[in-house]
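Each chain, letter by letter, is given below.
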Protein chains: 2
Amino acid sequence: MKKVTIQDIAKELNISFSTVARALNDHPAISEATKKLVREAAQKLNYRQNKLASSLRSGHSYTIGIMVPSLGVSFFSSVVHGIEKIMNENGYSILLYQSNESYESEKKGIETFLNSRVAGIIASVAKETTQYEHFFEIQKRNIPLLFFDRVAEGLQVPAVTIDDYKGGFLATEHLIRQGYKRIVHITAGQTIGIFKERLRGYVDALQLYGLPVDKSLILYGDFSLDFGRQCVQELYQKKVAFDAVFALEDFTAMGVLQQLLDYKVRVPEEVGVIGFANESFGALVTPGLSSIDQQTVPMGEAAAELFLKMLRSEDLYNNLPKHIVLDPHLIVRGSTERLASS
Amino acid sequence: MKKVTIQDIAKELNISFSTVARALNDHPAISEATKKLVREAAQKLNYRQNKLASSLRSGHSYTIGIMVPSLGVSFFSSVVHGIEKIMNENGYSILLYQSNESYESEKKGIETFLNSRVAGIIASVAKETTQYEHFFEIQKRNIPLLFFDRVAEGLQVPAVTIDDYKGGFLATEHLIRQGYKRIVHITAGQTIGIFKERLRGYVDALQLYGLPVDKSLILYGDFSLDFGRQCVQELYQKKVAFDAVFALEDFTAMGVLQQLLDYKVRVPEEVGVIGFANESFGALVTPGLSSIDQQTVPMGEAAAELFLKMLRSEDLYNNLPKHIVLDPHLIVRGSTERLASS
């Protein structure tokens, strides 16, 4: 079957080649009525636009790249859902790349996006990443870039995050109000800004409620189910007294919960456990895992709305970038609820 | 800053333009020593290859598209991990697209991949999809296509699946050996082949062990946590006697488990529950959810190895396609283990 061309449509409608081409590319000089005629003829003739060629010419594709640390973490897959919904409604397709928390992989992914001529990139930064040239490169090429949740510090780029300080404060305050007094905080190496903020919220809540900030209760390291288990083992080996754990995120909190249950510790009666991110498994386990909800779908939607504005903007990075900060919500489940009212 | 070109490298090394160009594209006619020199000079001069243009010329990019129904399902994100590992080791980048089980979205994603000039596509078919022109289109363009887990029936394309019949048989046999006799099977509308196979395994196991196949125990519909809950509600409303449930996948099984616990039914003493896919939450809930493991990482690795052979093949689709079938494994946890030995 012969490939249908713009010429065939022009002939069919008895109008010029350039009118058809501009109509297909939604050029403002062409009337809506003509565009409609052209689209109908294109459909009738089964014309398949070479979108790549056309996007190379117009410098504009309808594909957005989203870079995430891991899609196996429901926080990220849920934010992606929010972004997809809005971007799809606006005619954009989403390509995803997962860095698996690796700096090298993240660089490679950005290069892949750029080589695929995406119209823009929405990203959340990998755990390992401390250098940001690959993100600077996007900005230098004047391609829209927006961060969500984990931001590359020092770049003047729009971002949507939650108030991690407030999240850390809420989690700690909730534990205090439930009567817990010796509250452990597990946090990561401090390269990721959001974890610094959660720690700051923890410290401020303790101080506001007149509890001492005991350095032996703050465990630095990593985040994972295994790391959570190791922290509890460590606390028991060192005979550190504690009656609650606030972990920087839910997988770590889940490791804490499992190790406590293995040690026959009653949760929440003897020790309370709260995580962060409201991962989907938290509602399925017993006891249910209390957590801080990060409003994933609103975050995705806000990121998409802001990004659409960038895509339409002529002057991407010269105005001060917008930073949307969403409020986190406390989710109370069985793992911390030992009093009737909190 | 002036953009560094192939000419600059040729001048630097005092060799011809075409030697540099072929060296950069790893042409077999160029010696390894020359390629090394060229690569070093390119790096020194900060030459940035226009990979898009070069892949358009050579008809070959180093990007692979993977189409999955949902990355929020750990089965899929885990298979993707297996694929990524092998493909990255071989110099390929992975772009992901999730269809969210929608036919329209799947078509759009394939179009996006084709417009991004991926070197090939690895796919698992959406729940809604019953027409396969978009997959035929890939094959027609002689672009490598491989299916994993969910296959488009009627296409002569390589695939990696597990033996779903055997998985259904193993799950049902395990329940029978645990002494359960009235075993419900929840299955989906029968457009997806893997679910037909699981049902067939269920029926054959019952028959082999001399148990009746009771149609009132086979529930057709959908798959989701909510659907699992609804099935249990329905069985109680219709007063159908049953002592075990084999659900087509784990989220549905989890809904069954939750609804049974809400009804104060003891699991596994009164009713046993087994799912399929060994989702990550199954080990975290109480009681643990028995399931059928689909060997996700081996599946991803097998898919990648087979796909690499396709990428290197001159004659993609003319030989009969290879179909690798992996063996499923029974995972026994608290939700079905009521006897000391099974």
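Keep in mind it's a predicted model, so treat the numbers as computed, not measured.

Novice: What is the right way to look at the overall build of chain A in this model?
Specialist: Looking only at helices and strands, one finds 12 helices and 12 strands in chain A. The globule rule puts the C-alpha radius of gyration for 342 residues at 20 Å, and the 25 Å found for chain A is more than 25% above it. By principal-axis analysis of the C-alpha atoms, chain A measures approximately 85 × 35 × 35 Å. By sequence separation, contacts in chain A at least 24 residues apart represent 74% of the contacts at least 6 residues apart. For chain A, the computed accessible surface area is about 15000 Å², with 52% contributed by carbon and sulfur atoms.

Novice: So what exactly am I meant to see when it comes to the interface of chain A and chain B here?
Specialist: By convention, interface size is frequently given as the accessible area that disappears when the constituent parts associate. Facing 37 residues of chain A, the contacting portion of chain B comprises 37 residues. Around 3300 Å² of area is buried between chain A and chain B when both sides are counted, 48% of it from carbon and sulfur atoms. At the boundary of chain A with chain B, the tally comes to 0 salt bridges. At the junction of chain A with chain B, the criterion picks out 9 residue pairs in polar contact (both at pLDDT 80 or more). Contributions of two or more residues to the side of chain A that touches chain B are made by α4 (51–58), α5 (74–89), β2 (93–98), α6 (103–115) and α11 (250–262) of chain A.

Novice: How should the packing of α6(A) against helix α7 (residues 133–140) of chain A be read in this particular structure?
Specialist: When two helices pack together, their arrangement is given by the angle between the helix axes and by the axis-to-axis distance. All names here are of chain A. Close contact between α6 and α7 brings their axes to 9 Å; oriented N to C, the two are set at 20°. Viewed along their axes, α6 and α7 adopt a mutual orientation that is roughly parallel. Crossing angle aside, the handedness with which α6 passes α7 is left-handed. Contact residues: α6 offers Y103, E106, K107, I110 and L114, while α7 offers E133, H134, F135, E137 and I138.

Novice: Please clarify how the relation of the copies chain A and chain B should be interpreted in this entry.
Specialist: Both copies of the chain are tied together by a single rotation about an axis and a shift running along it. Between the two copies, chain A and chain B, the superposition gives an RMSD of 0.2 Å; the rotation angle is 180° and the shift along the axis is 0.1 Å. Expressed as an axis order, the relation between the two copies is that of a two-fold axis. When the interface residues of chain A are mapped onto chain B, 100% of them again fall at the interface, so both copies present the same face.

Novice: What is the right way to read the packing of α5(A) against helix α12 (residues 296–312) of chain A from this model?
Specialist: Residue and element names in this part refer to chain A. Contact geometry of α5 with α12 gives a least axis separation of 7 Å together with a crossing angle of 45°. On the basis of the axis angle, α5 is oblique to α12. Note on packing geometry: the crossing formed by α5 with α12 is right-handed. Residue-level inspection shows F75, S78, V79, G82, I83, K85, I86 and M87 of α5 in contact with α12, the latter providing T296, V297, M299, G300, E301, A303, A304, E305, F307, L308 and L311. Broken down by class, the residue content of the contact of α5 with α12 amounts to 12 nonpolar, 4 polar and 3 charged.

Novice: Help me understand helix α2 (residues 17–24) of chain B in this model?
Specialist: A turn of α-helix holds 3.6 residues, and therefore any two residues three or four places apart point the same way. For α2(B), the set of buried residues is B:T19, B:V20, B:A21, B:A23 and B:L24. Looking at the packing, one finds that the buried side of α2(B) touches α1 (6–13) and α3 (32–44) of chain B.

Novice: Honestly, the pairing of strand β5 (residues 159–162) of chain A in this entry has me stumped. Any pointers?
Specialist: Walk down a regular strand and you will see the side chains alternate between the two sheet faces. Residue and element names in this part refer to chain A. Of the two faces of β5, the one carrying A159 and T161 and the one carrying V160 and I162 are both buried. Strand direction decides the pairing type here: strand β4 (residues 145–148) and β5, joined by 2 bridges, are parallel. Residue F147 lies in a different strand from β5, and its bridge partner there is A159. Judged from the 4 bridges that link them, β5 and strand β11 (residues 323–326) form a sheet pairing that is parallel. Along β11, the bridge assignment pairs I162 with L326.

Novice: I'm lost on the nonpolar core in this one. Help?
Specialist: For soluble globular proteins, the rule of thumb is that nonpolar side chains tend to be buried together. Counting residues in each nonpolar core, the largest one holds 203 residues, and the members touching the most others are A:F135 and B:F135. Those residues in contact with A:F135, other than ones at most four positions away along the chain, are A:E106, A:I110, A:A123, A:V125, A:L145, A:F147, A:A152 and A:L155.

Novice: What am I meant to see in the domain arrangement of chain A here?
Specialist: Residues and elements named next belong to chain A. For chain A, the domain assignment lists domain 1 (6–49), domain 2 (62–162 + 296–326) and domain 3 (164–294). Once you take the C-alpha centre of each, domain 2 and domain 3 turn out to be 29 Å apart. The contact between domain 2 and domain 3 buries some 1200 Å² in all, and 49% of this surface belongs to carbon and sulfur atoms. Our count for the domain 2 to domain 3 interface comes out at 1 salt bridge. As a salt-bridge pair, D222 and K127 come within 3.0 Å of each other at their nearest N and O atoms. The interface formed by domain 2 and domain 3 holds 6 residue pairs in polar contact (both at pLDDT 80 or more) in total. Of all elements in the fold, only α5 and α12 reach the threshold of two or more residues within the side of domain 2 that touches domain 3. Here the side of domain 2 that touches domain 3 is composed, by residue class, of 4 nonpolar, 3 polar and 5 charged.

Novice: Mind showing me how you'd approach empty space enclosed by the protein here?
Specialist: One simple way to see leftover space: roll a probe sized like a water molecule over the atoms. Considering all chains together, one arrives at 1 cavity of 30 Å³ or more under this definition. Of the voids in this model, the largest cavity is the one considered here, and its volume is about 40 Å³. Along the walls of the largest cavity sit A:E84, A:N88, A:I94, A:L96, B:Y97, B:Q98 and B:S105, which together make up its complete lining. Elements with a contribution of two residues or more to the lining of the largest cavity: α5 and β2 of chain A together with β2 (93–98) of chain B. Here the residues of the lining of the largest cavity sort into 3 nonpolar, 3 polar and 1 charged.

Novice: So what exactly am I meant to see when it comes to helix α12 (residues 296–312) of chain B here?
Specialist: Residues and elements named next belong to chain B. With 17 residues, α12 extends 24 Å between its outermost C-alpha atoms, agreeing within 8% with the 24 Å of an ideal straight helix rising 1.5 Å per residue. Taken as a whole, α12 has its buried residues at T296, M299, G300, A302, A303, A304, L306, F307, L308, M310 and L311. Lining the buried residues of α12 we find β1 (63–68), α5 (74–89), β3 (120–123), β4 (145–148), β5 (159–162) and β11 (323–326).

Rules used in this analysis
- Residues numbered from 1 in each chain as written.
- Chains lettered and ligands numbered in written order.
- Predicted model: local features only at pLDDT ≥ 70, side-chain atom pairs only at ≥ 80, totals over all residues.
- Heavy atoms only, no water.
- Helix = DSSP H or I, 4+ residues; strand = E, 2+ residues; numbered from the N terminus.
- Rg over C-alpha atoms; globule rule 2.2 N^0.38 Å.
- Contact = heavy atoms within 4.5 Å.
- Areas by Shrake-Rupley, 256 points an atom, 1.4 Å probe, with all protein chains shown as cover.
- Buried area = accessible area lost by both parts, 1.4 Å probe.
- Salt bridge = Lys/Arg side-chain N within 4 Å of Asp/Glu carboxyl O.
- Polar contact = N/O pair within 3.5 Å; in protein donor to acceptor, adjacent residues only side chain to side chain.
- Axes fitted to C-alpha atoms, helices over the stretch in contact; angles between N-to-C directions.
- Parallel < 35°, antiparallel > 145°, perpendicular 65-115°, else oblique.
- Left-handed = near helix turned anticlockwise from the far one by under 90°.
- Least-squares fit on C-alpha atoms with pLDDT ≥ 70 in both.
- Nonpolar A, V, L, I, M, F, W, Y, C, P; charged D, E, K, R; others polar.
- Buried < 20%, exposed > 50% of the residue type's maximum accessible area, 1.4 Å probe, protein only.
- Pairing = 2+ DSSP bridges.
- Core = buried A, V, L, I, M, F, W, Y, C linked by side-chain atoms within 4.5 Å.
- Domains from an automatic or database assignment.
- 1 Å grid on protein atoms, 1.4 Å probe; cavity = no way out; pocket = protein on both sides within 12 Å on 5 of 7 lines; lining within 4 Å.
- Points joined across faces, edges and corners; volume = space filled by probe spheres on them.
- Expected span 1.5 Å × (residues − 1).

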